[in-house]
Amino acid sequence: MKKLTISCLMAAALSCGYAGVGLAQAANAAESATAAAVDRQTQVEDALVSIFENLTLRIRYDYIENLNDGRGFTAGRAGFTSGTDDLLQVVQEYTVRKPDNALASYLSALRAVNGSDSTSGLGGFPEAWRASAADPQMIAAQDAVNDQLYRVPAHKLANKLGLVLPLSRAALYEAGIQHGYGNDPDSVKKIAERASAQAGGAPAAGVDERTWLLTFLQMRRADLLSPANTASAAEWQKSVGRADAMITLYHTGNFDLTQPIAISVFGKTFQF
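**Q** Sorry if this is basic, but what is going on with the overall build of the protein here?
**A** The number of helices and strands found in the protein is 11 helices and 5 strands. Evaluated residue by residue, the protein yields a buried proportion of 49% over its 272 residues. Accessible surface for the protein amounts to roughly 12400 Å². Of this, 54% is attributable to carbon and sulfur atoms.

This is the structure in structure tokens:
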């Protein structure tokens, strides 16, 4: 999201009819408008992930399932998995916040299965996860790990690429939940690199951002259809609808995300 200086925000507020209330009031109004834009960005990002991951607008802290996709249990607001370390990180964070929680006893088993599709030693874990999901400390733990592993890296990558359109930044975050931000060929970083090569560069180098974004969405779709990680192939091919939904959203022209959004995916339509 494009950053504005306080002086710019004040000028914008004054130009919108706040001239009679003084600079302090104008600054407060401008800051409120900026906060609303940030809240809308987060709302859209969270809604897209919840829709694509769980077919609901509600953040599913309680979700857990073995999808048989080579990653063991998939759980929580961001699809944390027992096979890729982030589920372990959530339980560790929860245990720091609340040492006597019902999931702490599974830490050794989660460490043992990390990097595999095994759920050995995790009998009863899904039930314990669901029972803990309404705990404010569990919610806070999931939010903290989600921000650390996904939202912050998405924003950093967006800044590096020179992305300022809210839709571009939301698309990068949403894709990162599924693809991650590592250096493997299926990661968002690598997909973005391929998009930049195809588009003739990144927006930071002067390439039109809308052109780059469509290229990125198309490259992400191609990766879902044919991922380098063959263990992911079956599940990711089924999920190509989320890439199609993002391309459809692109073609609505709602690049600043200020207009109502309708997303149709997997036979359902959501509006927010």
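Once the structure has been displayed, the description carries forward.
**Q** What am I meant to see in the nonpolar core here?
**A** If you look at soluble globular proteins, the nonpolar side chains tend to sit buried side by side. Ranked by internal contacts, the top residues of the largest apolar core, which has 68 residues, are F125, W129, L172, W212, F216 and I263. Ranked by residue count, the leading element in this core is helix α6 (residues 136-161), at 8 residues. In contact with F125, not counting residues within four places along its chain, are I64, F73, L87, V91, L103, Y106 and L110.

**Q** Quick question: what am I supposed to make of the packing of helix α7 (residues 166-179) against helix α9 (residues 209-225) here?
**A** Angle between the axes and distance between the axes are the two parameters that describe a pair of packed helices. Two elements in contact, α7 and α9, have axes separated by 11 Å at closest approach and are oriented at 15°. By the angle between their directions, the pair α7 and α9 is classed as roughly parallel. Here α7 runs over α9; the crossing is left-handed. Between α7 and α9, the contacting residues are L167, S168, A171, L172, E174, A175, Q178 and H179 on the first element and E209, W212, L213, F216, L217, R220, D223 and L224 on the second.

**Q** Mind showing me how you'd approach the pairing of strand β5 (residues 268-271) here?
**A** Sheet faces and side chains relate simply in a regular strand, where the side chains alternate between the two faces. Strand direction decides the pairing type here: strand β4 (residues 262-265) and β5, joined by 4 bridges, are antiparallel. Of the residues in β5, the one forming a bridge with A262 is Q271.

Parameters and conventions
Here, residues in each chain are numbered from 1, in the same order as that chain's written sequence. pLDDT decides what is reported in this predicted model: residues at 70 or higher carry local features, side-chain atom pairs at 80 or more are listed and counted, and totals for whole chains, interfaces and linings draw on all residues regardless. To get the side-chain values, all heavy atoms of the structure are used, and hydrogens and water are removed first. Numbering of helices and strands starts at the N terminus; helices are DSSP runs of H or I of at least 4 residues and strands are runs of E of at least 2. Working definition: with a 1.4 Å probe on protein chains only, accessible area under 20% of the residue-type maximum means buried, over 50% means exposed, and in between means partly exposed. The method behind every accessible area is Shrake-Rupley, applied with a 1.4 Å probe, and residues are considered shielded solely by the protein chains displayed. In these notes, a set of buried Ala, Val, Leu, Ile, Met, Phe, Trp, Tyr and Cys residues joined through side-chain atoms within 4.5 Å is what counts as a nonpolar core. What makes two residues a contact is simply this: any of their non-hydrogen atoms within 4.5 Å. Every axis in this analysis is a line fitted to C-alpha atoms, fitted for helices over the stretch in contact. Angles between the N-to-C directions lie between 0 and 180 degrees. Oblique is the label for any angle not under 35 degrees, not over 145, and not in the 65 to 115 range, which are roughly parallel, roughly antiparallel and roughly perpendicular in turn. By definition, any crossing whose near helix is turned counterclockwise from its far helix by less than a right angle is left-handed, and any crossing with a clockwise turn is right-handed. Strand pairing is assigned whenever DSSP identifies at least 2 bridges connecting the two strands.

Taken by themselves, the reported measurements are silent on function.
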